[in-house]
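Fold and contact review
Here is how the chains run, residue by residue.
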Amino acid sequence: MDKLIQKLPIRSKQLHTPVVLLANINQTHFMSLGAEYYKPLYKSLKSQENLGQPILLVANVTNPLMTIEQRAENLTQKIKKVTSKYEKVHLIAHSFSGIDARCAISMMGLHKKVHSLTTLSSPHHGCAVIEKANKNPHSVGNISHTEKAIEALGLSMANAQEFSAPNMAAFNKIATD
């Protein structure tokens, strides 16, 4: 590792702003697991030598009926509370929390607290499972199986359409980065 730090100048740079790891966690999962699912990623980030600033984990506890705006509002409040002593923070958001973070930044005033946003596996252009079910509902077999897959993502069939390609295209026009 020391050789990489010596050869890659970016590795020697120190962050001057805290990093916040964002994760949407379904209410039922949170009740049984807490934020444990994200602990390995949190620990990995925390072990980076060049951070120089704290890593904060924000678990946005959601339910399958919440809209993007509702999850973004919750996220905004939690981020403001956790980061109150910092002027700005870097956000790292996983999956649907990346969409919710974009909504919070562009529509809920969170841009005042955010230095940067990095998203990991966020469906910015739609979700393939939802697209496949929309285009050919019979190709995915029994709809109850599709519904179970969507519920595993922390959504319901009612709000899964928010992550369809046409809806995400409209969202991307509104939620400018």
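See the structure shown above.
So, a few notes on the structure that sits alongside this text. Counting of residues starts from 1 at the beginning of each chain's written sequence and follows it residue by residue. In view of the model being predicted, local features appear only for residues whose pLDDT reaches at least 70, and side-chain atom pairs are presented and counted only at 80 or more, with totals across whole chains, interfaces and linings using the full set of residues. Derived side-chain values reflect all non-hydrogen atoms in the structure, with water molecules and hydrogen atoms excluded from consideration.

**As for the sheet that holds strand 4 (residues 114–120)**
Read from one edge of the open sheet, four strands run 2-1-3-4, paired in parallel fashion. The open sheet has two edge strands, strand 2 (55–62) and strand 4, and neither has a second partner. Sheet twist, expressed as the mean angle between neighbouring strand axes with direction ignored, is 25°. Pairing of strand 3 (residues 89–94) with strand 4, which is carried by six bridges, proceeds in the parallel orientation. Residue pairing across strands places H94 opposite L120, the latter belonging to strand 4. Lying over the sheet, helix 3 (residues 39–46) contacts strand 1 (19–26), strand 2 and strand 3, oriented at roughly 160° with respect to strand 2. We call two residues in contact when some of their heavy atoms are within 4.5 Å. Helix axes are fitted to C-alpha atoms over the stretch in contact, other axes to C-alpha atoms as well, and angles between N-to-C directions run from 0 to 180 degrees. Counting from the N terminus, the helices are DSSP H or I runs at least four residues long and the strands are E runs at least two residues long. Packed onto the sheet, helix 4 (residues 68–82) meets strand 1, strand 2 and strand 3 and runs at close to 150° relative to strand 2. In this scheme, strands are said to pair when DSSP sees at least two bridges between them.

**A look at helix 6 (residues 128–135)**
In this scheme, a residue with accessible area under 20% of its type's maximum is buried, one over 50% is exposed, and one in between is partly exposed, where area comes from a 1.4 Å probe on protein chains only. All of the buried residues in helix 6 are I130, E131 and A133. Along helix 6, the residues classed as buried sweep out an arc of 165° about the axis, all on the same side. Exposed and oriented more than 90 degrees from the buried face of helix 6 are A128 and K135. When we speak of the arc, we mean the arc of directions from the helix axis to the C-beta atoms.

**Some words on unusual backbone geometry**
Backbone geometry places S95, a non-glycine residue, at a positive phi of 55°. Structurally, S95 can be placed in the loop between strand 3 and helix 5 (96–107). Its identity as a non-glycine residue notwithstanding, S121 has a phi of 55°, on the positive side. Summarising the element assignment, S121 is placed in the loop between strand 4 and helix 6.

**So, the environment of E69**
With respect to the helices and strands, the residue E69 is situated in helix 4. As a C-alpha pair, E69 and A101 span 32 residues in sequence and 9.9 Å in three-dimensional space. Setting aside chain neighbours within four positions, we find E69 in contact with C103, M108 and E162.

None of the figures reported here should be taken as evidence of function without further support.
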